[in-house]
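Spelled out from the first residue to the last, the chains are:
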Amino acid sequence: MKAEFINPFIIATKKVLSQELGKPITTEIGSLTMQKSSYTALDMTVLIGVTGSIQGIVMFGLSERAVKNFVSGVLGEPVPVIDAMVESAIAEMGNVVTGHASTELEKAGYPCTLAPPTVITGRGVMISTINIQRLQVPLKTDLGDMEISVALKETK
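Residues numbered from 1 in each chain as written. Predicted model: local features only at pLDDT ≥ 70, side-chain atom pairs only at ≥ 80, totals over all residues. Heavy atoms only, no water.

A.B. asks: Can you break down the overall build of the chain residue by residue, with the values?
C.D. replies: The helix and strand inventory of the chain stands at 3 helices and 8 strands. Each helix (α) and strand (β) of the chain, taken in turn from the N terminus, gives the series α-β-β-β-β-α-α-β-β-β-β. For the chain, the C-alpha radius of gyration of 15 Å lies close to 15 Å, the compact-globule estimate for 156 residues. The principal-axis extent of the C-alpha atoms belonging to the chain is close to 50 × 30 × 30 Å. With 156 residues in all, the chain has 43% of them scored as buried. Considering only contacts in the chain between residues 6 or more positions apart, those separated by 24 or more positions represent 72%. (Helix = DSSP H or I, 4+ residues; strand = E, 2+ residues; numbered from the N terminus. Rg over C-alpha atoms; globule rule 2.2 N^0.38 Å. Buried < 20%, exposed > 50% of the residue type's maximum accessible area, 1.4 Å probe, protein only. Contact = heavy atoms within 4.5 Å.)

A.B. asks: Please give an account of the pattern of salt bridges that cites residues and values.
C.D. replies: All told, the structure shown has 4 salt bridges when counted by the stated rule. Residue Glu 64 pairs with Lys 68 through a salt bridge whose shortest N-O separation is 2.8 Å. Here Lys 68 and Glu 64 lie together in helix α2 (residues 64–75), a separation of 4 residues that amounts to about one turn. The class for Glu 64 is partly exposed, based on a relative accessible area of 37%. Where Asp 145 meets Lys 140, a salt bridge forms, and the shortest distance between an N and an O atom there is 3.2 Å. Asp 145 gets classed as partly exposed once you look at its relative accessible area, which sits at 33%. (Salt bridge = Lys/Arg side-chain N within 4 Å of Asp/Glu carboxyl O.)

A.B. asks: Account for the packing of aromatic side chains, with residues named and values stated.
C.D. replies: Scanning the entire structure with this criterion turns up 1 aromatic pair. Seen in terms of ring centroids, Phe 5 and Tyr 110 are 5.0 Å apart; in terms of plane orientation they differ by 85°. Their pairing is edge-to-face. Of the two residues, Phe 5 sits in helix α1 (residues 3–21) while Tyr 110 sits in the loop between α3 (84–107) and β5 (112–114), which places them 105 residues apart along the sequence. Under the relative-accessibility criterion, Phe 5 is labelled buried at 2%. (Phe/Tyr/Trp six-rings, centres within 6.5 Å; stacked < 30°, edge-to-face > 60°.)

A.B. asks: Tell me about the packing of α1 against α3, residues and numbers included.
C.D. replies: At a minimum axis distance of 8 Å, the contact between α1 and α3 shows a crossing angle of 135°. In terms of orientation, α1 and α3 fall into the oblique class. Seen from above, α1 lies across α3 with right-handed handedness. Two secondary-structure elements touch here, α1 through Glu 4, Phe 5, Pro 8, Phe 9, Ala 12, Thr 13, Lys 15, Val 16, Leu 17 and Gln 19 and α3 through Met 93, Val 96, Val 97, Thr 98, His 100, Ala 101, Glu 104 and Leu 105. A per-class count over the contact of α1 with α3 returns 11 nonpolar, 4 polar and 3 charged. (Axes fitted to C-alpha atoms, helices over the stretch in contact; angles between N-to-C directions. Parallel < 35°, antiparallel > 145°, perpendicular 65-115°, else oblique. Left-handed = near helix turned anticlockwise from the far one by under 90°. Nonpolar A, V, L, I, M, F, W, Y, C, P; charged D, E, K, R; others polar.)

A.B. asks: An account of the confidence of the model for the chain is needed here, citing residue identities and associated values.
C.D. replies: Chain-level pLDDT for the chain is 92 on average; 99% of the residues reach the 70-or-more range. Model confidence for the chain, summarised as mean pLDDT per element, is weakest for strand β2 (residues 33–35) at 85 and strongest for α2 at 96. (pLDDT = per-residue confidence, 0-100.)

A.B. asks: A description of a nonpolar patch on the surface should follow, citing residues and the corresponding values.
C.D. replies: Together, Val 74, Leu 75 and Met 85 line one region of the surface with nonpolar side chains, adding up to about 230 Å² of accessible area. Following the sequence through the fold, Met 85 ends up in helix α3. Since its relative accessible area comes to 39%, Met 85 is described here as partly exposed. (Patch = residues over 30% accessible without salt bridge, like charges linked within 9 Å, V, L, I, M, F, W, Y side chains within 5 Å. Areas by Shrake-Rupley, 256 points an atom, 1.4 Å probe, with all protein chains shown as cover.)

A.B. asks: Any details on the side chain of Ser 63? Residues and values, ideally.
C.D. replies: Assignment of secondary structure puts Ser 63 in the loop between β4 (54–62) and α2. Those residues within four positions of Ser 63 in sequence are excluded, and the remaining contacts are Leu 42, Asp 43, Gly 144 and Asp 145.

A.B. asks: Explain α3 residue by residue, including any values.
C.D. replies: Here α3 contains 24 residues, and its C-alpha end-to-end distance of 35 Å stays within 8% of the 34 Å for a straight helix at 1.5 Å per residue. For α3, every residue scored as buried is listed here: Val 86, Ile 90, Ala 91, Met 93, Gly 94, Val 97, Thr 98, Ala 101, Ser 102 and Leu 105. N-cap assignment for α3: the residue whose side-chain oxygen lies 3.2 Å from the backbone N of Met 85 is Asp 83. A positive phi of about 95° marks Gly 109, the residue just after α3. (Expected span 1.5 Å × (residues − 1). Polar contact = N/O pair within 3.5 Å; in protein donor to acceptor, adjacent residues only side chain to side chain.)

Here you go:
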């Protein structure tokens with residue numbers, strides 16, 4: 001997988017978190033790994049399909065703490081439980097991040113189209129990317145733990 005497929009998602013995640021919350025968010029990037037497991041490790045995952053000159057999926061995993069802190073920050077009030085509104089807000093976050101990243105991918109010569117986001121709740125859910133390798137980028141943020149998983153390949 002090309003680094004130019006990964007960097008737009010890291011940059012867009014940092015940018016969108018700070019923009020949506022109206023303040024800088026400290027983000028520490030962990031070691032990138034090629035993920036062999038198909039199981040989710042965090043509490044909520046937003047999955048977005050990508051088609052065009054590149055194809056595959058991008059996933060944004062968030063801990064329960066990160067979910068609640070992000071949505072609380074956007075709403076300006078505490079979010080005690082994860083409900084449909086919280087899921088919708090997290091889906092939109094993933095959509096906005098992927099939209100920003102796709103703009104950068106297009107500038108690099110990889111025009112693509114995004115599918116609507118899907119939200120998966122729960123740890124240990126199996127999401128197979130079949131024959132596309134998945135690069136996982138763990139993030140430690142002020143909000144809580146997050147991860148970006150990118151499984152993209154060029155179309156022929």
